[in-house]
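These are the residues of each chain, in order.
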Amino acid sequence: MATTTIGAPELRPGTLPAIPRWALLWVAALAVLAAVGYTAWWGTTPDASPDTVEYQQVAIDLRDGRLDVLSDRTPGYPLLLLATGSGEELSPVLYAAQLVLHPVTVALTIALARRFDPPAWLYVALAAVLLSPPFTEKITTGLTETLCEVLVVASALFLVRWAERRRALDAVLAGLAMALATWVRPTYLLLAPLVAAAAATWLWRRHLRREALQQAALLLAAPLVLVGGLVAYNTVELDYPGLTPKLAWSLSTKTALFVEELPTDDPALRDYLVARRDATLVEGESHDGTQFLVKGQPEVSAITGTPRPEIDQAMLRWQLQLIAENPLDYTLAVGRAGVKYAFPVSSDTATGGSSIVQLAFGVAHFAGLALFAVQFVVMLGLLVARRLGVTLSGIAASASMWKTWWVSLGLVAYTALVTMTIDVGDPRQREPTDALIALLVVGGGWASWQALLHHRVATDG
């Protein structure tokens, strides 16, 4: 009887590969060198952006321990601004905090990478990539990316640890990380419920029905308290039944090119929106008109005479109706956002203003995306092969490796899907998952290479 085996030599079941000590020393040395070098290069005070001001407004509002004004911004990042004394002016303390948070993300990513059992030099290479200027420049701006990435990668690590051991503490910590990520970015509002549903389904199919319900409850405990509590507060104190009213205005990035069909009886409002969209096509920074209404709530309120939060709810209804009546145009807008989302984050901070360096970083970025696609196809091929009766061995048979791959891929896909379907698809919105994308390129690529390199056909006597 002939059997087909794909993979490297067997690993000892139930153990995680050790990270070579010298690789850890090199990773630590790179982190220290990066911290010193970037501080000398970029200075010690973060830059502000137009969005930073909105976070600072929330931070100032939170000084008395409560939110008094409904804002588009959730309180996660404003709390960091408040804690670092950056409510009015961004401080060196904020830069120092973000300078520490990014290497923490690198350390968490390395902890995940051990499940792919790469050679020592690949650990160092992964750390070097994550500490390179394009991956690190986010620390220089007073925005959410640095804080959000550490919470997203922590979510991945705790979810993987939970899947390996199914301990209550790992489930609670995973839920807490996902809840805090939602406080920082509303993008992750549905993440915990989807993860809990997936976990419950996974256990239910193994006839562990009581455990399925228990583990789902543990995963949802922190999100229900933190996110549910914030929604309840907004509903009772600020008269808005939701996490943030920003969704209505973000959806305008999808309806910009057919806003003429807005389902409202107010011609003044429709004329204003069309005129504003047309103006941004000529005068806007991106010249595509997509962000014509993202910050337009005050003007729309004034034109309609409708205060907040009623105008937020009305705009959400109009946007959803526009999308329902123009599904193909909406799909086209999502596709455009997807193309934009895949591009590198282009900034003079990382390139030093050099077009040659920018081109080099761009080429490296798209080469990484190509490798991501290759490992994705090969890994799916291994799964299909296993379904067809092929025996996987070595790292290709490691349950921990596959759990890490699925969790990381799921977080990357979730972030991309939500961003592309409800927002403009700015590459900056991808940055919280860039570490996981790099992990999949390195880890998934190594696992794929090992599986193909050690492919063999054996005849069983």
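Here, every reference points to the structure presented above.
For clarity, every value in this text was computed on a predicted model and none was experimentally measured. (Residues numbered from 1 in each chain as written. Predicted model: local features only at pLDDT ≥ 70, side-chain atom pairs only at ≥ 80, totals over all residues. Heavy atoms only, no water.)

Undergrad: I'd like a rundown of the pattern of salt bridges, residues and numbers included.
TA: Summed over all chains, the structure comprises 22 salt bridges. Ionic pairing is found between Arg63 and Glu88, a salt bridge with its closest N-O pair at 3.3 Å. You can see Arg63 sitting in the loop between helix H2 (50-61) and helix H3 (76-83) and its partner Glu88 sitting in the loop between H3 and helix H4 (92-113), a full 25 residues away along the chain. Note on Glu88: relative accessible area 51%, which makes it exposed. Salt bridges linked by common partners bring Asp51, Glu54, Arg73, Glu145, Arg185, Lys295 and Arg428 together as one network. (Salt bridge = Lys/Arg side-chain N within 4 Å of Asp/Glu carboxyl O. Helix = DSSP H or I, 4+ residues; strand = E, 2+ residues; numbered from the N terminus. Buried < 20%, exposed > 50% of the residue type's maximum accessible area, 1.4 Å probe, protein only.)

Undergrad: Account for a nonpolar patch on the surface, naming residues and giving values.
TA: Nonpolar side chains collect at one region of the surface, where Trp22, Trp26 and Trp121 lie side by side and expose about 420 Å² of accessible area between them. In this structure, Trp22 sits in helix H1 (residues 21-42). By relative accessible area, Trp22 is classed as partly exposed at 46%. (Patch = residues over 30% accessible without salt bridge, like charges linked within 9 Å, V, L, I, M, F, W, Y side chains within 5 Å. Areas by Shrake-Rupley, 256 points an atom, 1.4 Å probe, with all protein chains shown as cover.)

Undergrad: Quick rundown of the layout of surface pockets? Include the residues and the values.
TA: Here the second largest pocket is characterised by a volume of approximately 1100 Å³. Looking at the second largest pocket, it is lined by 27 residues, and the ones nearest its centre are Ala198, Trp202, Trp402, Lys403 and Trp406. Here the lining of the second largest pocket takes eight residues from helix H19 (residues 399-422), the largest share from any one element. Residue composition of the lining of the second largest pocket, by class: 19 nonpolar, three polar and five charged. (1 Å grid on protein atoms, 1.4 Å probe; cavity = no way out; pocket = protein on both sides within 12 Å on 5 of 7 lines; lining within 4 Å. Points joined across faces, edges and corners; volume = space filled by probe spheres on them. Nonpolar A, V, L, I, M, F, W, Y, C, P; charged D, E, K, R; others polar.)

Undergrad: Can you explain unusual backbone geometry? Please cite residues and give values.
TA: Residue Pro309 follows Arg308 across a cis peptide bond; omega there is 10°. Summarising the element assignment, Pro309 is placed in the loop between helix H14 (297-304) and helix H15 (310-325). Backbone geometry places Asp117, a non-glycine residue, at a positive phi of 50°. Within the secondary structure, Asp117 sits in the loop between H4 and helix H5 (120-130). On the accessibility criterion, Asp117 (27% relative accessible area) is partly exposed. Unusually for a residue other than glycine, Asp239 sits at a positive phi of about 60°. Of note, Asp239 is situated in the loop between helix H10 (209-237) and helix H11 (246-250). A relative accessible area of 47% means that Asp239 is categorised as partly exposed.

Undergrad: Account for the packing of aromatic side chains, naming residues and giving values.
TA: Throughout the structure, instances matching the rule amount to ten aromatic pairs. Relative to Trp42, the ring of Tyr38 lies with its centre 4.3 Å away and its plane at 5°, an arrangement referred to as stacked. Taken as a pair, Tyr38 and Trp42 lie in helix H1 at a separation of four residues, close to a single helical turn. Grouping residues by exposure puts Tyr38 and Trp42 together as buried. Taken together, Phe376, Trp402, Trp405 and Trp406 form an aromatic cluster joined through their ring pairs. Positioned above the aromatic ring of Trp402 is the side chain of Arg386, whose terminal nitrogen or guanidinium carbon lies 5.8 Å from the ring centre. (Phe/Tyr/Trp six-rings, centres within 6.5 Å; stacked < 30°, edge-to-face > 60°. Lys NZ or Arg CZ within 6 Å of the ring centre and 35° of its normal.)

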